[in-house]
Amino acid sequence: MDNITASELAGFGVGTLLLCATIAAPKIDAFFAASQRSSLGLCKRCGNLRRIACTRCRGTGSVREGAIFAINLVEDLYDTLGSKSGKQEPCIKCQAKGYFLCPDCSRP
Ligand SMILES: [Zn+2]
Ligand SMILES: [Zn+2]
């Protein structure tokens, strides 16, 4: 006894195709975006992110007093232990944004 009819089979096929399309869509999008970017030429300064991470606060938007040049690992350790060394201050260089707009490609 064959329970699978032609329409069920077709439905299954379409379902599988749709599923594949759903899974593949972001990859296809990414592929086209990537090929588009390479054909347009990536921004050398920011890689088309349109922003550059602030070197002073390393993209966090805030700096610890007197800890600007401290080793990251030590700061991270302090963070993990929950004992913040020094107080957090908004970064002056980037106005606490953590990044700058890329002067090459983010013009309005
Ligand atoms: Zn740029
Ligand atoms: Zn900054």
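In this convention, every chain numbers its residues from 1, walking through the sequence in written order. Written order decides the labels, with chains lettered from A and ligands numbered from 1. pLDDT decides what is reported in this predicted model: residues at 70 or higher carry local features, side-chain atom pairs at 80 or more are listed and counted, and totals for whole chains, interfaces and linings draw on all residues regardless.

### Quick notes on the overall build of the chain
So, step 1. Summing up its helical and strand segments, the chain has 2 helices and 4 strands in all.
So, step 2. As a rule, residues whose C-beta atom has 12 or fewer other C-beta atoms within 10 Å are exposed, those with 20 or more are buried, and those in between are partly exposed; C-beta atoms are placed from the backbone. The buried share of the chain, reckoned over its 108 residues, is 5%. Labels follow the DSSP assignment, with helices taken as runs of H or I lasting at least four residues and strands as runs of E lasting at least two, numbered in each case from the N terminus.

### Description of unusual backbone geometry
So, step 1. The phi dihedral of arginine 50 is positive, around 65°, even though this residue is not glycine.
So, step 2. When you line up the elements, arginine 50 lands in the loop between helix H1 (6–40) and strand S1 (51–53).
So, step 3. Even without glycine at this site, arginine 58 takes up a positive phi of about 55°.
So, step 4. Residue position: arginine 58 is located in the loop between S1 and strand S2 (62–64).

### Here we look at the confidence of the model for the chain
So, step 1. Confidence of the predictor in every single residue is expressed as pLDDT, which spans 0 to 100. Summary statistics for the chain give a mean pLDDT of 74 and a share of 65% for residues scoring 70 or more.
So, step 2. For the chain, per-element mean pLDDT is lowest for helix H2 (residues 72–81), which scores 57, and highest for strand S4 (residues 99–101), which scores 92.

### Things to note about the nonpolar core
So, step 1. By size, the foremost hydrophobic cluster in this structure holds 5 residues: Cys54, Cys57, Val63, Cys91 and Cys94.
So, step 2. If sequence neighbours within four positions are ignored, cysteine 54 has contacts with Gly59, Cys91, Lys93, Cys94, Gly98, Tyr99 and Phe100. Here a nonpolar core is just a set of buried residues of the types Ala, Val, Leu, Ile, Met, Phe, Trp, Tyr and Cys, joined wherever their C-beta atoms sit within 7 Å. Each residue gets a C-beta atom placed from its backbone, and two residues are in contact if those atoms lie within 7 Å.

### Quick notes on the environment of cysteine 54
So, step 1. Structurally, cysteine 54 is set in the loop between S1 and S2.
So, step 2. Given 21 C-beta atoms within 10 Å, cysteine 54 falls into the buried group.
So, step 3. The spatial distance from the C-alpha of cysteine 54 to the C-alpha of lysine 93 is 7.5 Å, given a sequence separation of 39 residues.

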